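Breakdown of the fold
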Amino acid sequence: MARSFAQQQAAGYADTLREILQQPTTWRATADLLRSAAIRERLAQALMPLPSHIVLTGSGSSMYIGEGLAPSLQSGLGLPVQAIAAGTLLTHWRSVLPPGPGLLISLARSGDSPESCGVVSRLLVDAPAYRHLVITCNANGKLATYYRDDPRVTVLVLDERTNDRSLVMTSSFTNLLLAGTGLLREGLAPAAIDRLTAGVQDVFDRQSDALAQMARREFTSAVYLGNGGAIGAAHECALKMLEMTGGRVVTMAETYLGLRHGPMSSINASTLIVALLSPDPSVRAYEADLLRELSRKQLGMAKVLVGEGIPADLLGPHDLAIEAPGLAEDGEVPALLAHVAVGQLLAFFRCLHLDGKPDAPAQGVLTRVVEDFVIHQDTTHQGSGQQERV
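Below, the structure is looked at part by part. Worth saying up front: this structure is predicted, and the values here are computed from it rather than measured.

Turning our eyes to something else, we now look at the overall build of the protein. Looking only at helices and strands, the protein has 14 helices and 10 strands in total. Rg of the C-alpha trace for the protein: 21 Å, near the compact-globule value of 21 Å for 390 residues, within the 12% margin. Each principal axis of the C-alpha atoms in the protein carries an extent, and together these give about 60 × 50 × 40 Å. Within the protein, the fraction of its 390 residues that count as buried is 55%. In the protein, 77% of the contacts between residues at least 6 apart in sequence involve partners at least 24 apart.

Before going further, it helps to examine the pairing of strand β3 (residues 102-108). The buried fraction of β3 amounts to seven of the seven residues, a majority that puts the element mostly inside the structure. Pairing analysis gives five bridges linking strand β1 (residues 53-57) to β3, with the strands arranged parallel. Residue L56 lies in a different strand from β3, and its bridge partner there is I105. Summarising the sheet, β3 and strand β4 (residues 130-136) pair through seven bridges and their orientation is parallel. Bridge pairing links I105 to L133 in β4. Taken together, β3, helix α7 (residues 114-126) and β4 constitute a β-α-β crossover, and its handedness is right-handed.

So, about the sheet that holds strand β5 (residues 153-157). Strands sit in the order β2-β1-β3-β4-β5 across an open sheet of five strands; the sheet is parallel. Single-partner strands in this sheet number two, and they are β2 (81-83) and β5. Within this sheet the neighbouring strands show an average axis-to-axis angle of 20 degrees, counted without direction. Bridging between β1 and β2 involves three bridges; their strand directions are parallel. Following the sheet pairing, L56 is matched in β2 by A83. The sheet strands contacting helix α9 (residues 171-180) are β3 and β4, and the helix crosses β4 at an angle near 140 degrees.

We now examine the nonpolar core. Grouped together as the largest cluster of nonpolar side chains are 83 residues, with contacts concentrated most on I105, I135, L211, Y224, L272, V304 and L346. At 13 residues, helix α14 (residues 332-353) tops the list of elements feeding residues into this core. The residues contacting L346, other than those within four sequence positions of it, are L211, M214, A215, Y224, M241, L272 and V274. In terms of nonpolar packing, the next biggest core, distinct from the first, is built from 16 residues, A275, L290, L305 and L314 among them.

Moving on, we get to the packing of helix α11 (residues 230-244) against α14. Here α11 crosses α14 at 15 degrees, and the two axes come no closer than 9 Å. Regarding the angle of α11 to α14, the classification is roughly parallel. In this structure, α11 crosses over α14, and the sense of that crossing is right-handed. Across from A230, A233, E236, C237, K240, M241 and M244 in α11, the residues of α14 making contact are E332, L336, H339, V340, G343, Q344, L346, A347, F348, R350 and C351. By residue class, the composition of the contact of α11 with α14 is 11 nonpolar, three polar and four charged.

Here we take up α14. Taking 1.5 Å of rise per residue, 22 residues should cover 32 Å, and α14 covers 32 Å from first to last C-alpha, within 8% of that figure. With respect to burial, α14 is a largely interior element, 19 of its 22 residues being buried. Directly beyond the C-terminal end of α14, a positive phi value near 65 degrees is found at D355.

What follows covers the pattern of salt bridges. Overall, the coordinates contain 17 salt bridges when judged by the stated rule. Between E236 and K240 there is a salt bridge; the shortest N-O distance is 2.5 Å. Taken together, the residues E236 and K240, both in helix α11 and four residues apart, mark about one turn of the helix. A single burial state applies to E236 and to K240, both of which are buried. In this structure, R292 engages D313 in a salt bridge whose closest nitrogen and oxygen atoms are separated by 2.8 Å. Residue R292 is found in helix α13 (residues 281-296), and its partner D313 is found in the loop between β9 (302-307) and β10 (320-323); the two are separated by 21 residues along the sequence.

Once that is clear, we can look at the sheet that holds strand β7 (residues 250-254). Taking strand neighbours across the sheet as the criterion, the five strands line up as β7-β6-β8-β9-β10 in an open arrangement whose pairing is parallel. Of all the strands in the sheet, just β7 and β10 have a single pairing partner and so form its edges. Across this sheet, the average inter-strand angle for adjacent strands is 15 degrees, counted without regard to direction. Pairing analysis gives five bridges linking strand β6 (residues 221-225) to β7, with the strands arranged parallel. Its bridge partner being in β7, Y224 is matched across the sheet by A253. In the packing of α11 onto the sheet, contacts are made with β6, β7 and β8 (271-276), and the angle to β7 comes to roughly 180 degrees.

Residue placement: S116 occurs in helix α7. For S116, a relative accessible area of 12% corresponds to the buried category. A polar contact of 2.6 Å, which involves the side chain of S116, links it to the side chain of S113. Ignoring anything within four residues of it in the chain, the contact list for S116 reads G111 and L143.

What counts and what doesn't
- Residues numbered from 1 in each chain as written.
- Predicted model: local features only at pLDDT ≥ 70, side-chain atom pairs only at ≥ 80, totals over all residues.
- Heavy atoms only, no water.
- Helix = DSSP H or I, 4+ residues; strand = E, 2+ residues; numbered from the N terminus.
- Rg over C-alpha atoms; globule rule 2.2 N^0.38 Å.
- Buried < 20%, exposed > 50% of the residue type's maximum accessible area, 1.4 Å probe, protein only.
- Contact = heavy atoms within 4.5 Å.
- Pairing = 2+ DSSP bridges.
- Right-handed = clockwise from strand over helix to strand, strands pointing away.
- Axes fitted to C-alpha atoms, helices over the stretch in contact; angles between N-to-C directions.
- Core = buried A, V, L, I, M, F, W, Y, C linked by side-chain atoms within 4.5 Å.
- Parallel < 35°, antiparallel > 145°, perpendicular 65-115°, else oblique.
- Left-handed = near helix turned anticlockwise from the far one by under 90°.
- Nonpolar A, V, L, I, M, F, W, Y, C, P; charged D, E, K, R; others polar.
- Expected span 1.5 Å × (residues − 1).
- Salt bridge = Lys/Arg side-chain N within 4 Å of Asp/Glu carboxyl O.
- Polar contact = N/O pair within 3.5 Å; in protein donor to acceptor, adjacent residues only side chain to side chain.

These figures come from the coordinates and say nothing about function on their own.
Next up, the structure:
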């Protein structure tokens, strides 16, 4: 931050750093948007008539938003909610999409990736019992503009600042996740937003140096652990590390209990373990048992524990606790946003340590928006429509 903007650009991190650090401010803007009468009415209309279930979809990071959001929406709305990748819907919608009436929520930063519109366009024709809600960061993207005259499609566009310029999604991810809570009757209360922004700002202000020091340790792989909706956060944190290091750090995301069933065998002396801790005490008990087992077996180079009220006995001499204060009383979503912000910083510092450029890692391989590809015609039971499915 001490460098000039021109120096940051030359070093290849100006956009990523700004977009990580702007998150507390943009969360307030998104929360304000969700509380506006016009948006409340629009989101209420998206749920009318009441669907039998909700499907969250997206690609890459946007899919992981759905994984993180689904449990909270299901609990709050009393409806079945699941996340299905856009690519899977594009190729296998007949076998994976639950019968309507349903609501499909498309989550997208740009809304310009080929499968984003491909899925909506196909399902508007072949699954007419579905209504659609688009949540995007780009007012000019295809998802936001193609369907504006279709009464079956509701579009919610977030603050332009959330349309990240960096290749990697950071503030777009967390704001899209936060925006999804707008479907809940109460949403996140202003006091909860205050606690969230203060807690994450505290991480940025006081704990970033510790994360930077951990990122300079010699690890070649990283395992991210999360339960419930936090598996979506774990997938996202793992992807950020993989993307920003160009694959030089191999990553994996797992649930705490799932790690015992084979994946634990991959943890070695050069593996960093990142544990995203649940705010729910009954869930955290399982997490603590697994972390103690890893310590007892002396697995991993070090652990980074992220949460609130982290017990000292879970930490070894080489481990790091990142405390995100003030989140335990507000449910899962604020904790997920804090988890992801920590994962972003860790990947950012690791990228710089490896002489990478966070704004455009893996040059020539990845692009900010996936390149166009052919959307092939669905020739199976043409014209039958969803209502004829068994």
